[in-house]
Amino acid sequence: MFDFLDKLKSTVTKTAQSLVGNVIESVSDEAEFSDIVLDDMEDILISADLGVAYAFELTDKLRGQTKIKPSQVKEYLKTEFLKTLSQAGSCELKFMPDKLNIYFITGVNGVGKTTLIGKMAYMFKTNGQKVLVAAGDTFRAAAEEQADIWSKRSGADILRKDKADPASVVYEAIQKGINENYNVILIDTAGRLHNKFNLMEELTKIKKEKKKNASDLLMESILVIDANTGQNGLQQAKVFKECVNLSAVALTKLDGTARGGIVLAIAKNLGLPVKLVGVGEKMEDLKLFDSKEFVEALFV
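Residues numbered from 1 in each chain as written. Predicted model: local features only at pLDDT ≥ 70, side-chain atom pairs only at ≥ 80, totals over all residues. Heavy atoms only, no water.

Caption draft 1: Just the pattern of salt bridges, in detail. A complete count under the given rule lists 16 salt bridges for this structure. Glu57 is the partner of Lys61 in a salt bridge, and the nearest nitrogen-oxygen pair spans 3.9 Å. The class for Lys61 is partly exposed, based on a relative accessible area of 38%. For Glu172, the salt bridge is made with Lys161, and the minimal N-O distance between the two is 2.7 Å. Taken together, the residues span a long stretch of sequence, with Glu172 in helix α8 (residues 166–179) and Lys161 in the loop between β3 (157–159) and α8 at a distance of 11 residues. Of the residues examined, Lys161 reaches a relative accessible area of 28% and is grouped as partly exposed. One network of salt bridges, in which partners are shared, links Glu57, Lys61, Glu80, Lys83 and Lys268. (Salt bridge = Lys/Arg side-chain N within 4 Å of Asp/Glu carboxyl O. Buried < 20%, exposed > 50% of the residue type's maximum accessible area, 1.4 Å probe, protein only. Helix = DSSP H or I, 4+ residues; strand = E, 2+ residues; numbered from the N terminus.)

Spelled out as structure tokens, the structure:
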């Protein structure tokens, strides 16, 4: 439906160096994989935000074997990364033409969730879809105003009811979407983690509302993670996974970070595919993720 950004290679330059370049440099003068070399390699992979368990798994496969040489580590990592991403599922964003498509967007405050919704709205509008934003984060200061601004920028409509029950906003948005022949509804939600019980209660109510009124229309439940948070993003994700049946991840602020290895950590630890990536400040700088092109870009 939409093409991945041509500038992906320049976007992940820092990640490519921290995740691939540093590993290749560390083993370039070695004839075999000694324990010392593999320990160093493991440390580099951990520092690139792959996580301890995944880094250990990658290096452990190289211990005590002679088939794969240090000179082949580039091909080895490329194969393993592609396998990890493919096992997490398809990175294609679900969309049904000529039907109402509902996207449930969640994530902690400050990760760029509302901005991502605005850019998603723009992405769909650019492709001729009628888009409605449901401002479901009704209690955070200025949340509705922020959603309103991004809706106007993207050309989408918005349904907002300041201070109202978020589930009632979702209900009205679904009814409006059905009755007025919208193609897309983007549901914004609260991202407060300081009170996990309230967050779970709120998201559970919204989830029930969707199931009751539009269970067959929900395309994706998307968790938004800031690429710069690294492993902390995974900790946030675990809370939301308890509340919502997540289907995908959207990664914001991938441009300029050396911590893009979080894409692989998400796939490995959460079993979720990344489907959207933010690679800049402009409205058009939200792109559909392509796992093969992402890995290719890392190994240029």
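Caption draft 2: Seen up close, the pairing of strand β7 (residues 274–278). The buried count for β7 comes to five of five residues, which makes it a mostly enclosed element. Bridge analysis of strand β6 (residues 248–252) against β7 gives three bridges, and the strand direction is parallel. Following the sheet pairing, Ala250 is matched in β7 by Leu276. (Pairing = 2+ DSSP bridges.)

Caption draft 3: How the structure looks around the packing of aromatic side chains. In this structure the tally under the stated criterion is four aromatic pairs. Among the aromatic side chains, those forming a connected cluster through ring pairs are Phe95, Tyr103 and Phe124. Lying over the aromatic face of Tyr182, Lys130 brings its terminal NZ or CZ to 4.5 Å of the ring centre. The lysine or arginine in question, Arg153, covers the ring of Trp150, its NZ or CZ lying 4.7 Å from the ring centre. (Phe/Tyr/Trp six-rings, centres within 6.5 Å; stacked < 30°, edge-to-face > 60°. Lys NZ or Arg CZ within 6 Å of the ring centre and 35° of its normal.)

By themselves, these figures tell us nothing about what the structure is for.
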